[in-house]
Amino acid sequence: MMRPSRPLALTLGDPAGIGPQLTAQAWRSLRHSGEGTFFWLGDPRLIEVAVPVTRIETPEEADAVFAVSLPVLPVLCDAAVIPGQPHPRNAAATISSIRLAVEYVLAGRAGGVVTNPIAKHVLAAAGFPYPGHTEFLAALCDMPGEEIMMLVSPQLRVVPVTVHVSLRKALEMLTTDRIVSVAETANAALKRDFGILTPRLAIAGLNPHAGEQGLMGEEEITIIRPAIEKLRARGIDCLGPFPPDTMFSNTARPTYDVAICMYHDQALIPLKTLDMAHGVNVTLGLPLIRTSPDHGTAFDIAGPVTETCRADVSSLLAAIRLADGMSAYREGKKS
Ligand SMILES: NC(=O)c1ccc[n+]([C@@H]2O[C@H](COP(=O)([O-])OP(=O)(O)OC[C@H]3O[C@@H](n4cnc5c(N)ncnc54)[C@H](O)[C@@H]3O)[C@@H](O)[C@H]2O)c1
Ligand SMILES: N[C@H](C(=O)O)[C@H](O)COP(=O)(O)O
(Lines give C-alpha, C1' and ligand atoms only; values in the text may rest on other atoms or scores of the structure.)
(Ligands and ions follow the chains in the order given, each with its own letter.)
Protein backbone atom coordinates (compact mmCIF):
# COMPACT_ATOMS: atom_id res chain seq x y z
CA MET A 1 0.00 0.00 0.00
CA MET A 2 1.29 3.47 -0.82
CA ARG A 3 1.58 5.92 2.04
CA PRO A 4 -0.78 8.92 1.99
CA SER A 5 0.98 12.17 1.34
CA ARG A 6 -0.52 13.83 4.41
CA PRO A 7 0.24 12.65 7.95
CA LEU A 8 -2.48 11.54 10.31
CA ALA A 9 -3.26 13.68 13.37
CA LEU A 10 -3.21 11.60 16.56
CA THR A 11 -4.90 13.26 19.53
CA LEU A 12 -3.85 13.45 23.17
CA GLY A 13 -6.85 11.62 24.67
CA ASP A 14 -6.99 11.61 28.46
CA PRO A 15 -3.35 12.12 29.46
CA ALA A 16 -3.84 10.03 32.61
CA GLY A 17 -4.98 7.03 30.58
CA ILE A 18 -2.96 4.69 28.38
CA GLY A 19 -2.90 7.10 25.41
CA PRO A 20 0.66 8.43 25.98
CA GLN A 21 2.09 4.90 26.38
CA LEU A 22 0.26 3.69 23.28
CA THR A 23 1.41 6.72 21.29
CA ALA A 24 5.06 6.00 22.06
CA GLN A 25 4.62 2.32 21.25
CA ALA A 26 2.75 3.06 18.01
CA TRP A 27 5.58 5.32 16.87
CA ARG A 28 8.16 2.61 17.68
CA SER A 29 6.14 0.09 15.67
CA LEU A 30 5.50 2.27 12.63
CA ARG A 31 8.55 4.53 12.28
CA HIS A 32 10.24 2.30 9.70
CA SER A 33 7.13 0.68 8.22
CA GLY A 34 6.33 3.23 5.53
CA GLU A 35 2.68 3.33 6.60
CA GLY A 36 0.69 5.48 8.96
CA THR A 37 2.94 8.51 9.41
CA PHE A 38 1.38 10.56 12.18
CA PHE A 39 2.03 13.49 14.46
CA TRP A 40 0.83 13.69 18.05
CA LEU A 41 -1.16 16.66 19.29
CA GLY A 42 -0.07 16.15 22.86
CA ASP A 43 2.22 17.14 25.68
CA PRO A 44 5.84 16.30 24.80
CA ARG A 45 6.83 16.30 28.49
CA LEU A 46 4.82 13.09 28.99
CA ILE A 47 6.65 11.12 26.38
CA GLU A 48 10.13 12.49 25.68
CA VAL A 49 11.67 10.47 28.52
CA ALA A 50 10.92 7.32 26.56
CA VAL A 51 11.13 8.21 22.86
CA PRO A 52 12.98 10.89 20.88
CA VAL A 53 10.64 13.77 20.17
CA THR A 54 10.73 16.62 17.65
CA ARG A 55 8.50 19.55 18.50
CA ILE A 56 6.86 20.71 15.29
CA GLU A 57 4.79 23.78 14.52
CA THR A 58 2.98 22.51 11.42
CA PRO A 59 1.76 19.09 10.20
CA GLU A 60 3.91 19.51 7.10
CA GLU A 61 7.05 18.98 9.22
CA ALA A 62 5.99 15.52 10.41
CA ASP A 63 6.97 13.38 7.45
CA ALA A 64 10.61 14.43 7.39
CA VAL A 65 11.29 13.51 11.02
CA PHE A 66 9.01 10.51 11.55
CA ALA A 67 11.65 7.82 10.99
CA VAL A 68 13.97 9.25 13.65
CA SER A 69 11.69 10.95 16.17
CA LEU A 70 8.06 11.29 17.14
CA PRO A 71 6.68 14.55 15.73
CA VAL A 72 4.74 16.36 18.46
CA LEU A 73 2.68 19.48 17.91
CA PRO A 74 2.54 20.65 21.51
CA VAL A 75 -0.76 20.78 23.38
CA LEU A 76 0.23 21.27 27.00
CA CYS A 77 -1.62 19.90 30.03
CA ASP A 78 -2.50 22.45 32.72
CA ALA A 79 -2.27 20.10 35.73
CA ALA A 80 0.36 17.51 36.63
CA VAL A 81 -0.45 14.21 34.95
CA ILE A 82 -0.66 11.24 37.32
CA PRO A 83 -1.28 8.01 35.41
CA GLY A 84 -4.57 6.45 36.43
CA GLN A 85 -5.83 9.64 38.11
CA PRO A 86 -7.61 11.84 35.57
CA HIS A 87 -7.72 15.55 36.37
CA PRO A 88 -10.59 17.77 35.15
CA ARG A 89 -8.13 20.64 34.61
CA ASN A 90 -6.53 18.63 31.82
CA ALA A 91 -9.83 18.35 29.98
CA ALA A 92 -9.02 21.60 28.16
CA ALA A 93 -5.91 20.06 26.58
CA THR A 94 -7.82 16.90 25.64
CA ILE A 95 -10.53 18.93 23.94
CA SER A 96 -8.17 21.37 22.29
CA SER A 97 -6.18 18.49 20.79
CA ILE A 98 -9.32 17.07 19.13
CA ARG A 99 -10.36 20.50 17.90
CA LEU A 100 -6.95 21.18 16.35
CA ALA A 101 -6.80 17.76 14.70
CA VAL A 102 -10.15 18.38 13.04
CA GLU A 103 -9.06 21.83 11.88
CA TYR A 104 -5.93 20.39 10.23
CA VAL A 105 -7.91 17.65 8.49
CA LEU A 106 -10.66 19.97 7.27
CA ALA A 107 -7.97 22.33 5.96
CA GLY A 108 -6.43 19.43 3.99
CA ARG A 109 -3.21 19.51 6.03
CA ALA A 110 -3.65 16.11 7.70
CA GLY A 111 -5.04 12.93 6.16
CA GLY A 112 -7.33 11.95 9.02
CA VAL A 113 -7.93 12.12 12.75
CA VAL A 114 -6.98 9.19 14.96
CA THR A 115 -8.16 9.68 18.52
CA ASN A 116 -6.66 8.37 21.74
CA PRO A 117 -9.30 7.40 24.31
CA ILE A 118 -11.08 10.00 26.41
CA ALA A 119 -13.04 9.47 29.62
CA LYS A 120 -16.48 10.82 29.02
CA HIS A 121 -17.27 11.45 32.68
CA VAL A 122 -14.02 13.43 33.19
CA LEU A 123 -14.82 15.73 30.28
CA ALA A 124 -18.45 16.04 31.41
CA ALA A 125 -17.25 17.14 34.87
CA ALA A 126 -15.32 19.92 33.14
CA GLY A 127 -18.46 21.07 31.30
CA PHE A 128 -17.96 19.27 27.98
CA PRO A 129 -21.48 18.92 26.57
CA TYR A 130 -20.97 15.96 24.20
CA PRO A 131 -21.31 12.27 25.11
CA GLY A 132 -18.24 11.26 23.08
CA HIS A 133 -15.88 12.06 20.23
CA THR A 134 -18.44 11.04 17.64
CA GLU A 135 -20.92 13.76 18.56
CA PHE A 136 -18.19 16.38 19.18
CA LEU A 137 -16.68 15.73 15.75
CA ALA A 138 -20.08 16.26 14.14
CA ALA A 139 -20.40 19.59 15.96
CA LEU A 140 -16.90 20.63 14.85
CA CYS A 141 -17.85 19.78 11.26
CA ASP A 142 -21.07 21.78 11.70
CA MET A 143 -23.08 18.65 10.95
CA PRO A 144 -24.77 17.70 14.25
CA GLY A 145 -26.89 14.59 13.92
CA GLU A 146 -25.15 13.37 10.76
CA GLU A 147 -22.55 11.31 12.64
CA ILE A 148 -22.55 7.53 12.41
CA MET A 149 -20.42 5.13 14.47
CA MET A 150 -19.04 2.00 12.84
CA LEU A 151 -16.80 -0.55 14.56
CA VAL A 152 -14.61 -2.66 12.36
CA SER A 153 -12.60 -5.78 13.13
CA PRO A 154 -11.16 -8.51 10.92
CA GLN A 155 -14.24 -10.64 11.62
CA LEU A 156 -17.11 -8.18 11.78
CA ARG A 157 -18.34 -4.66 11.01
CA VAL A 158 -21.20 -3.18 13.05
CA VAL A 159 -23.11 0.10 12.98
CA PRO A 160 -25.45 0.99 15.86
CA VAL A 161 -28.47 3.05 14.75
CA THR A 162 -28.61 4.72 18.18
CA VAL A 163 -25.39 5.41 20.07
CA HIS A 164 -24.60 7.15 23.36
CA VAL A 165 -28.06 7.19 24.93
CA SER A 166 -29.86 5.09 27.52
CA LEU A 167 -31.64 1.98 26.32
CA ARG A 168 -34.98 3.66 27.04
CA LYS A 169 -34.03 6.70 24.95
CA ALA A 170 -32.67 4.43 22.19
CA LEU A 171 -36.11 2.84 21.84
CA GLU A 172 -37.73 6.27 21.59
CA MET A 173 -35.26 7.30 18.90
CA LEU A 174 -35.72 4.23 16.73
CA THR A 175 -37.61 5.17 13.57
CA THR A 176 -37.81 3.82 10.03
CA ASP A 177 -36.23 7.01 8.69
CA ARG A 178 -33.32 6.79 11.12
CA ILE A 179 -32.57 3.17 10.18
CA VAL A 180 -32.72 4.06 6.47
CA SER A 181 -30.44 7.05 6.85
CA VAL A 182 -27.84 5.18 8.96
CA ALA A 183 -27.85 2.19 6.60
CA GLU A 184 -27.45 4.43 3.55
CA THR A 185 -24.44 6.17 5.10
CA ALA A 186 -22.86 2.82 6.01
CA ASN A 187 -23.49 1.51 2.50
CA ALA A 188 -21.87 4.56 0.88
CA ALA A 189 -18.86 4.40 3.23
CA LEU A 190 -18.22 0.72 2.51
CA LYS A 191 -18.11 1.53 -1.20
CA ARG A 192 -15.95 4.64 -0.90
CA ASP A 193 -13.56 3.83 1.91
CA PHE A 194 -13.41 0.03 1.98
CA GLY A 195 -13.52 -0.85 -1.72
CA ILE A 196 -16.67 -3.02 -1.41
CA LEU A 197 -18.57 -2.54 -4.68
CA THR A 198 -21.95 -3.93 -3.54
CA PRO A 199 -22.11 -4.01 0.25
CA ARG A 200 -24.37 -6.63 1.84
CA LEU A 201 -26.21 -5.25 4.86
CA ALA A 202 -27.72 -7.43 7.59
CA ILE A 203 -30.34 -5.59 9.62
CA ALA A 204 -30.79 -6.74 13.20
CA GLY A 205 -34.12 -7.14 14.90
CA LEU A 206 -34.71 -5.48 18.25
CA ASN A 207 -36.63 -8.01 20.28
CA PRO A 208 -36.02 -11.65 21.21
CA HIS A 209 -36.37 -13.84 18.10
CA ALA A 210 -36.76 -10.66 16.06
CA GLY A 211 -40.20 -10.25 17.61
CA GLU A 212 -41.46 -13.79 16.82
CA GLN A 213 -44.11 -12.50 14.40
CA GLY A 214 -45.20 -9.78 16.82
CA LEU A 215 -45.54 -12.05 19.85
CA MET A 216 -42.49 -10.57 21.55
CA GLY A 217 -42.59 -7.01 20.28
CA GLU A 218 -43.85 -5.17 17.22
CA GLU A 219 -40.93 -2.91 16.27
CA GLU A 220 -39.76 -5.40 13.64
CA ILE A 221 -43.16 -5.14 11.91
CA THR A 222 -43.84 -1.44 12.36
CA ILE A 223 -40.35 0.09 12.12
CA ILE A 224 -37.61 -2.25 10.90
CA ARG A 225 -39.29 -4.12 8.02
CA PRO A 226 -40.51 -0.87 6.40
CA ALA A 227 -36.90 0.41 6.58
CA ILE A 228 -35.61 -2.73 4.85
CA GLU A 229 -38.25 -2.34 2.13
CA LYS A 230 -37.24 1.29 1.56
CA LEU A 231 -33.56 0.39 1.39
CA ARG A 232 -34.18 -2.44 -1.07
CA ALA A 233 -36.30 -0.13 -3.20
CA ARG A 234 -33.26 2.17 -3.35
CA GLY A 235 -31.10 -0.67 -4.68
CA ILE A 236 -29.31 -1.51 -1.43
CA ASP A 237 -28.61 -5.19 -0.80
CA CYS A 238 -30.04 -5.75 2.66
CA LEU A 239 -31.77 -8.55 4.49
CA GLY A 240 -33.42 -8.94 7.88
CA PRO A 241 -34.59 -8.33 10.47
CA PHE A 242 -32.43 -11.10 11.88
CA PRO A 243 -32.70 -12.49 15.42
CA PRO A 244 -29.87 -10.69 17.22
CA ASP A 245 -28.75 -13.76 19.17
CA THR A 246 -27.75 -15.76 16.08
CA MET A 247 -26.76 -13.19 13.46
CA PHE A 248 -23.20 -12.90 14.80
CA SER A 249 -22.43 -16.63 14.67
CA ASN A 250 -19.43 -17.98 12.78
CA THR A 251 -21.66 -19.19 9.96
CA ALA A 252 -23.78 -16.03 9.71
CA ARG A 253 -21.02 -13.38 9.71
CA PRO A 254 -19.51 -14.26 6.33
CA THR A 255 -22.89 -13.68 4.66
CA TYR A 256 -22.82 -9.89 5.15
CA ASP A 257 -20.41 -6.94 5.10
CA VAL A 258 -21.97 -4.94 7.93
CA ALA A 259 -24.54 -5.53 10.64
CA ILE A 260 -26.88 -2.59 11.21
CA CYS A 261 -27.81 -2.83 14.88
CA MET A 262 -30.54 -1.10 16.83
CA TYR A 263 -28.56 0.07 19.87
CA HIS A 264 -24.98 0.52 21.13
CA ASP A 265 -24.41 -2.72 23.02
CA GLN A 266 -26.20 -4.92 20.48
CA ALA A 267 -23.45 -3.85 18.09
CA LEU A 268 -20.42 -3.48 20.34
CA ILE A 269 -20.72 -6.57 22.56
CA PRO A 270 -20.23 -9.08 19.71
CA LEU A 271 -17.45 -7.04 18.16
CA LYS A 272 -15.44 -6.51 21.35
CA THR A 273 -16.03 -10.10 22.47
CA LEU A 274 -14.79 -11.52 19.19
CA ASP A 275 -11.65 -9.39 18.99
CA MET A 276 -11.16 -6.37 21.24
CA ALA A 277 -7.48 -6.14 20.36
CA HIS A 278 -8.06 -5.43 16.69
CA GLY A 279 -11.33 -3.49 16.77
CA VAL A 280 -11.41 0.04 15.38
CA ASN A 281 -14.04 2.70 15.87
CA VAL A 282 -14.70 4.70 12.68
CA THR A 283 -16.84 7.81 12.38
CA LEU A 284 -18.91 7.97 9.19
CA GLY A 285 -21.20 10.62 7.75
CA LEU A 286 -18.76 13.53 8.22
CA PRO A 287 -16.36 15.11 5.75
CA LEU A 288 -13.28 13.66 7.46
CA ILE A 289 -11.66 10.35 8.21
CA ARG A 290 -11.67 9.52 11.92
CA THR A 291 -10.64 6.27 13.54
CA SER A 292 -9.96 5.25 17.12
CA PRO A 293 -9.02 2.16 19.08
CA ASP A 294 -12.11 0.33 20.33
CA HIS A 295 -11.05 0.40 23.98
CA GLY A 296 -11.15 3.16 26.55
CA THR A 297 -8.67 4.96 28.79
CA ALA A 298 -7.86 1.83 30.85
CA PHE A 299 -6.98 3.90 33.95
CA ASP A 300 -6.47 0.64 35.86
CA ILE A 301 -3.31 -0.19 33.89
CA ALA A 302 -2.09 3.31 32.99
CA GLY A 303 1.49 4.08 34.00
CA PRO A 304 4.32 6.40 33.06
CA VAL A 305 5.64 6.16 29.52
CA THR A 306 8.69 3.92 29.52
CA GLU A 307 10.59 1.87 27.00
CA THR A 308 8.16 -0.97 27.40
CA CYS A 309 4.41 -0.70 27.05
CA ARG A 310 2.12 -2.66 29.35
CA ALA A 311 -1.00 -1.83 27.37
CA ASP A 312 -1.76 -3.66 24.13
CA VAL A 313 -1.13 -1.28 21.22
CA SER A 314 -2.81 -3.50 18.59
CA SER A 315 -6.09 -1.60 18.44
CA LEU A 316 -4.38 1.80 18.06
CA LEU A 317 -2.14 0.36 15.33
CA ALA A 318 -5.22 -1.05 13.60
CA ALA A 319 -6.87 2.40 13.87
CA ILE A 320 -3.84 4.13 12.34
CA ARG A 321 -3.58 1.57 9.54
CA LEU A 322 -7.29 1.78 8.78
CA ALA A 323 -7.19 5.60 8.58
CA ASP A 324 -4.16 5.25 6.32
CA GLY A 325 -6.03 2.77 4.10
CA MET A 326 -9.20 4.89 3.96
CA SER A 327 -7.11 7.91 3.04
CA ALA A 328 -5.48 5.90 0.26
CA TYR A 329 -8.91 4.90 -1.12
CA ARG A 330 -10.02 8.52 -1.10
CA GLU A 331 -6.84 9.73 -2.77
CA GLY A 332 -7.23 7.07 -5.46
CA LYS A 333 -4.01 5.30 -4.45
CA LYS A 334 -5.88 2.10 -3.69
CA SER A 335 -8.85 0.46 -5.41
N1 LIG B 1 -12.76 5.91 22.06
C2 LIG B 1 -12.87 6.33 23.30
O3 LIG B 1 -12.54 7.46 23.61
C4 LIG B 1 -13.43 5.39 24.35
C5 LIG B 1 -13.90 4.11 24.06
C6 LIG B 1 -14.43 3.31 25.08
C7 LIG B 1 -14.46 3.78 26.39
N8 LIG B 1 -14.00 5.04 26.63
C9 LIG B 1 -13.92 5.58 28.00
O10 LIG B 1 -12.93 4.87 28.72
C11 LIG B 1 -13.24 4.92 30.10
C12 LIG B 1 -13.01 3.56 30.71
O13 LIG B 1 -13.95 2.66 30.13
P14 LIG B 1 -14.01 1.11 30.41
O15 LIG B 1 -13.32 0.80 31.70
O16 LIG B 1 -15.41 0.69 30.21
O17 LIG B 1 -13.23 0.44 29.21
P18 LIG B 1 -11.66 0.29 28.93
O19 LIG B 1 -11.59 -0.19 27.52
O20 LIG B 1 -10.92 1.51 29.28
O21 LIG B 1 -11.16 -0.87 29.91
C22 LIG B 1 -11.81 -2.14 30.03
C23 LIG B 1 -10.79 -3.20 30.45
O24 LIG B 1 -9.95 -3.50 29.33
C25 LIG B 1 -8.58 -3.24 29.66
N26 LIG B 1 -7.96 -2.62 28.49
C27 LIG B 1 -8.49 -1.63 27.72
N28 LIG B 1 -7.64 -1.29 26.75
C29 LIG B 1 -6.55 -2.08 26.90
C30 LIG B 1 -5.32 -2.20 26.18
N31 LIG B 1 -5.04 -1.44 25.10
N32 LIG B 1 -4.41 -3.10 26.60
C33 LIG B 1 -4.68 -3.88 27.69
N34 LIG B 1 -5.83 -3.81 28.39
C35 LIG B 1 -6.75 -2.93 28.00
C36 LIG B 1 -8.58 -2.28 30.84
O37 LIG B 1 -7.40 -2.40 31.59
C38 LIG B 1 -9.85 -2.72 31.56
O39 LIG B 1 -9.55 -3.78 32.42
C40 LIG B 1 -14.68 5.41 30.22
O41 LIG B 1 -14.67 6.69 30.78
C42 LIG B 1 -15.20 5.45 28.79
O43 LIG B 1 -16.00 6.57 28.54
C44 LIG B 1 -13.47 5.84 25.67
N1 LIG C 1 -18.97 3.82 22.10
C2 LIG C 1 -17.57 3.60 21.96
C3 LIG C 1 -17.13 2.33 22.59
O4 LIG C 1 -17.77 1.89 23.53
O5 LIG C 1 -16.12 1.80 22.17
C6 LIG C 1 -16.80 4.66 22.66
O7 LIG C 1 -17.44 5.08 23.79
C8 LIG C 1 -16.23 5.66 21.82
O9 LIG C 1 -17.07 6.70 21.55
P10 LIG C 1 -16.47 8.00 20.85
O11 LIG C 1 -15.62 7.53 19.72
O12 LIG C 1 -17.67 8.72 20.39
O13 LIG C 1 -15.71 8.72 21.90
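Model, not experiment: these values are computed from the prediction. (Residues numbered from 1 in each chain as written. Chains lettered and ligands numbered in written order. Predicted model: local features only at pLDDT ≥ 70, side-chain atom pairs only at ≥ 80, totals over all residues.)

S.K.: Give a description of the overall build of the protein that names residues and reports values.
M.R.: In terms of helices and strands, the protein carries 10 helices and 12 strands. The C-alpha atoms of the protein give a radius of gyration of 20 Å, which matches the 20 Å a tight globule of 335 residues would have. Buried positions account for 50% of the 335 residues belonging to the protein. A fraction of 73% describes how many contacts in the protein between residues 6 or more apart in sequence connect residues 24 or more apart. (Helix = DSSP H or I, 4+ residues; strand = E, 2+ residues; numbered from the N terminus. Rg over C-alpha atoms; globule rule 2.2 N^0.38 Å. Buried ≥ 20, exposed ≤ 12 C-beta atoms within 10 Å, placed from the backbone. Contact = placed C-beta atoms within 7 Å.)

S.K.: How would you sum up the environment of P86? Please name residues and give values.
M.R.: Summarising the element assignment, P86 is placed in the loop between β4 (70–72) and α3 (91–106). Distance from P86 to I118, taken between C-alpha atoms, is 10.0 Å for residues 32 residues apart in sequence. Beyond its immediate chain neighbours, meaning those up to four positions away, P86 contacts D14, A16, A119, V122 and F299.

S.K.: For the site of ligand 2, give the residues involved together with the corresponding values.
M.R.: By nearness alone, every residue bordering ligand 2 is listed as G132, H133, T134, L268, N281, S292 and D294. Of the residues assigned to the shell around ligand 2, the class counts are 1 nonpolar, 5 polar and 1 charged. (Near = placed C-beta within 6 Å. Nonpolar A, V, L, I, M, F, W, Y, C, P; charged D, E, K, R; others polar.)

S.K.: Which residues make up the UniProt feature "binding site: substrate" (unreviewed entry) in the protein, and what values go with them?
M.R.: The UniProt record annotates "binding site: substrate" (unreviewed entry) at H133, T134, K272, N281 and R290. If you trace the backbone, T134 turns up in helix α5 (residues 133–140). Apart from residues lying up to four places away in sequence, T134 is in contact with E147, M149, V163 and T283. Locating K272 in the fold gives a position in helix α9 (residues 264–275). The exposure class assigned to K272 is partly exposed, which follows from the 18 C-beta atoms found within 10 Å. If near-sequence neighbours (up to four positions away) are discounted, K272 is found in contact with G279 and D294. (UniProt positions renumbered as here; feature names shortened; annotations may be inferred.)

S.K.: A description of the pairing of strand β9 (residues 237–242) should follow, citing residues and the corresponding values.
M.R.: Looking at chain direction, strand β8 (residues 200–204) and β9 are connected through 4 bridges and run parallel. Along β9, the bridge assignment pairs A204 with F242. Since β8 and β9 lie parallel, the crossover through helix α8 (residues 219–233) that links them has a hand, and here it is right-handed. (Pairing = 2+ DSSP bridges. Right-handed = clockwise from strand over helix to strand, strands pointing away.)

S.K.: So what's going on with the site of ligand 1? Which residues, and what values?
M.R.: In the vicinity of ligand 1 lie 18 residues, with A119, H295, G296, A298 and D312 positioned nearest. Grouping the amino acids of the shell around ligand 1 by side-chain chemistry returns 7 nonpolar, 8 polar and 3 charged.

S.K.: Before we move on, can you summarise the packing of α3 against α5 with the specific residues and values?
M.R.: Where α3 contacts α5, the two axes come as close as 11 Å, and the packing angle between them is 50°. The orientation of α3 relative to α5 falls into the category oblique. α3 and α5 meet at a crossing whose hand is right-handed. For the pair α3 and α5, the contacting residues are I98, R99 and V102 in the first and H133, F136, L137 and L140 in the second. (Axes fitted to C-alpha atoms, helices over the stretch in contact; angles between N-to-C directions. Parallel < 35°, antiparallel > 145°, perpendicular 65-115°, else oblique. Left-handed = near helix turned anticlockwise from the far one by under 90°.)

S.K.: Outline unusual backbone geometry, supporting the account with residue identities and numerical values.
M.R.: In this structure, the amide linkage connecting G240 to the following residue, P241, adopts the cis form with an omega of -5°. Positionally, P241 belongs in strand β9. Non-glycine residue D142 carries a positive phi angle of around 60°. With respect to the helices and strands, the residue D142 is situated in the loop between α5 and β6 (148–153). With 10 C-beta atoms packed within 10 Å, D142 lands in the exposed category. Of note, Q213 is a non-glycine position whose phi angle comes to about 55°, a positive value.

S.K.: Quick one: what's the story with the UniProt feature "binding site: a divalent metal cation" (unreviewed entry) in the protein, residue by residue and with numbers?
M.R.: Feature annotation in UniProt assigns "binding site: a divalent metal cation" (unreviewed entry) to the following positions: H164, H209 and H264. Judged by maximum C-alpha separation, these annotated positions cover 101 residues in sequence and are scattered in space, the widest gap reaching 24.6 Å. Tracing the backbone through its elements, the reader meets H164 in the loop between β7 (156–160) and α6 (167–173). Not counting residues up to four positions away in its chain, the partners in contact with H164 are P131, G132, E135 and H264. Within the element layout of this structure, H209 appears in the loop between β8 and α8. Residue class for H209 comes out partly exposed when judged on the 15 C-beta atoms lying within 10 Å of it. Setting aside residues no more than four positions away along its own chain, H209 makes contact with M216 and P243.

S.K.: Describe in detail the pairing of β6, supporting the description with residues and values.
M.R.: Regular strands place side chains that alternate from one sheet face to the opposite one. With 6 of 6 residues buried, β6 lies mostly within the body of the structure. Of the two faces of β6, the one holding I148, M150 and V152 and the one holding M149, L151 and S153 are both buried throughout. Pairing analysis gives 3 bridges linking β6 to β7, with the strands arranged antiparallel. Along β7, the bridge assignment pairs V152 with R157. Between β6 and β7, which pair antiparallel and follow one another directly, the connecting turn spans 2 residues.

S.K.: I'd like a rundown of the nonpolar core, residues and numbers included.
M.R.: Among the nonpolar cores identified, the biggest contains 105 residues, and V159, A186, A259 and I260 are the most heavily contacted of them. Each of domain 1 (1–146 + 286–335) and domain 2 (148–284) accounts for three or more of the residues forming this core. Look past the residues within four positions of A259 in its chain and what remains in contact with it is L156, V158, A202, A204, M247 and A267. (Core = buried A, V, L, I, M, F, W, Y, C linked by C-beta atoms within 7 Å. Domains from an automatic or database assignment.)

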